[in-house]
Amino acid sequence: MKLNYKVYGEGFPLVILHGVFGSGDNWTTLARKFGGQYKTIVPDLRNHGRSPHDPVFNYDAMVKDLHELVEDLKIPEFHLIGHSMGGKVAMFFAEKYPKMLRKLVVVDIAPRQYQPHHQEILAGFKQVDLANTSSRQEAEEAMATKITEPDVRQFLLKNLYRTEAATFDWRVNLQAIEANIEEVGKIFSNPEPVAVPTLFIRGGLSKYIQERDEADIAKQFSQSQIETVANAGHWVHAEQPEAVFELVKDFLNG
């Protein structure tokens, strides 16, 4: 699959992968900063953003998509950052193509199994009657009946756009994601440790990477370290962009 992507800056390649229900645009602020030193490539994963929709939605497919992208761009080696679902894609990519990665950064996700926990978000999407919605405010009000956090609603509403027929639609392929939602939480487990130097970043207020995950991270990624960003939840890069930028910059340059 040919993914939609944006490029910022020049230099050694750096690829950034977003999480579920997001898009590459979620990383624009940091991508521009990284673009001062790296050729920063930010794709939309399949069924997200402006990339194609497909009923197949799993990590094998997303790894293949990423490999096709870097092959098309003639990139033999690069740094890779992935947040949440994108972090899982990055882990699976590192397992299959370790020699293509110089360094790996995994943001607020562990290599363990996560049970489906996006029911509230999916319900919020479904509350929006696209055919009879005339404004973004109406869409947010409908979504608010299921999703109480304003910042989560604003994040999800970035998927809302006007079609050429002047109606609203979602960029994200909700049908494919809901049908494969258990795939999003799939465990990463490899028979041999991944030897790529790896930085795990967790939000101090997030529960996605817990103390019980630390031993498994060390086992699965033999050259790994874990850093915690204070006063940040799961969307660490959006809540504390400067702290994340400094951590990643120091790691990649170290």
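Up top is the structure these notes are about.
Here we summarise the structure given alongside this text.

Criteria and cut-off values
Residue numbers restart at each chain and count upward from 1, following the sequence in its written direction. With the structure being a predicted model, the display of local features is reserved for residues of pLDDT at least 70 and the display and counting of side-chain atom pairs for 80 or more, all residues being used for whole-chain, interface and lining totals. Excluded from the side-chain calculations are hydrogens and water; all other atoms, namely the structure's heavy atoms, are used. Strands here mean DSSP runs of E at least two residues long; helices mean DSSP runs of H or I at least four residues long; both are numbered from the N terminus. Here a cavity is any set of points on a 1 Å grid over the protein atoms alone where a 1.4 Å probe fits but cannot get out, and a pocket is any open set with protein on both sides within 12 Å along at least 5 of 7 lines; a residue lines the site when it has an atom within 4 Å of a point. Grid points are joined across faces, edges and corners, and a volume is the space filled by probe spheres set on the points. Burial classes: relative accessible area under 20% of the type maximum marks a residue as buried, over 50% as exposed, and values in between as partly exposed (1.4 Å probe, protein chains only). Think of the arc as the fan of directions from the helix axis to the C-beta atoms. Note on definitions: a residue-residue contact is assigned when non-hydrogen atoms from the two residues lie within 4.5 Å. When DSSP finds at least two bridges between two strands, those strands are taken to pair. If you view a crossover with the strands going away from you and the path from the first strand over the helix to the second runs clockwise, you call it right-handed. All axes are obtained by fitting lines to C-alpha atoms, using only the stretch in contact for helices, and the reported angles, taken between N-to-C directions, cover 0 to 180 degrees. Orientation categories follow fixed angle ranges, with anything under 35 degrees roughly parallel, anything over 145 roughly antiparallel, 65 to 115 roughly perpendicular, and all other angles oblique.

On to unusual backbone geometry, then. In this structure, Ser84 is a non-glycine residue whose phi angle is positive, near 55°. For Ser84, the location among the structural elements is in the loop between strand E4 (78-83) and helix H3 (85-96). In this structure, Ala166 is a non-glycine residue whose phi angle is positive, near 70°. With respect to the helices, strands and loops of the structure, Ala166 is situated in the loop between strand E6 (160-162) and strand E7 (168-170).

Looking now at the layout of surface pockets. Space inside the largest pocket adds up to approximately 490 Å³. Contributing to the lining of the largest pocket are 25 residues, with Ile121, Val152, Tyr208, His234 and Trp235 lying nearest its centre. Every element with two or more residues in the lining of the largest pocket is listed here: helix H4 (119-126) and helix H6 (150-157). It is H6 that provides the largest number of residues to the lining of the largest pocket, a total of 4 residues.

Further remarks concern H4. For H4, every residue scored as buried is listed here: Ile121, Leu122, Gly124 and Phe125. Angularly, the buried residues of H4 cover 155° about the axis, an arc narrow enough to put them on a single face. Structurally, H4 contributes buried residues whose contacts are with helix H5 (136-143), H6, E7 and helix H7 (174-179).

Quick look at the pairing of strand E9 (residues 224-229) now. As defined by bridge partners, strand E8 (residues 198-203) adjoins E9 across 6 bridges and the pair is classed as parallel. Note that in E9 the partner of Thr198 across the bridge is Ser224. This β-α-β element, E8 to helix H9 (residues 214-220) to E9, shows right-handed connectivity.

We now examine the sheet that holds strand E3 (residues 38-43). Taking strand neighbours across the sheet as the criterion, the 7 strands line up as E1-E3-E2-E4-E5-E8-E9 in an open arrangement whose pairing is mixed. Only two strands of the sheet have a single neighbouring strand rather than two, namely strand E1 (5-8) and E9. Across this sheet, the average inter-strand angle for adjacent strands is 20°, counted without regard to direction.

This part covers the packing of helix H2 (residues 59-72) against H3. For any two helices packed against each other, one specifies the crossing angle of their axes together with the interaxial distance. H3 packs onto H2 with a crossing angle of 75° between their chain directions and a minimal axis gap of 9 Å. Looking at the two axes, H2 sits roughly perpendicular to H3. Residue-level inspection shows Tyr59, Met62, Val63, Leu66 and His67 of H2 in contact with H3, the latter providing Met85, Lys88, Val89, Phe92, Phe93 and Lys96.

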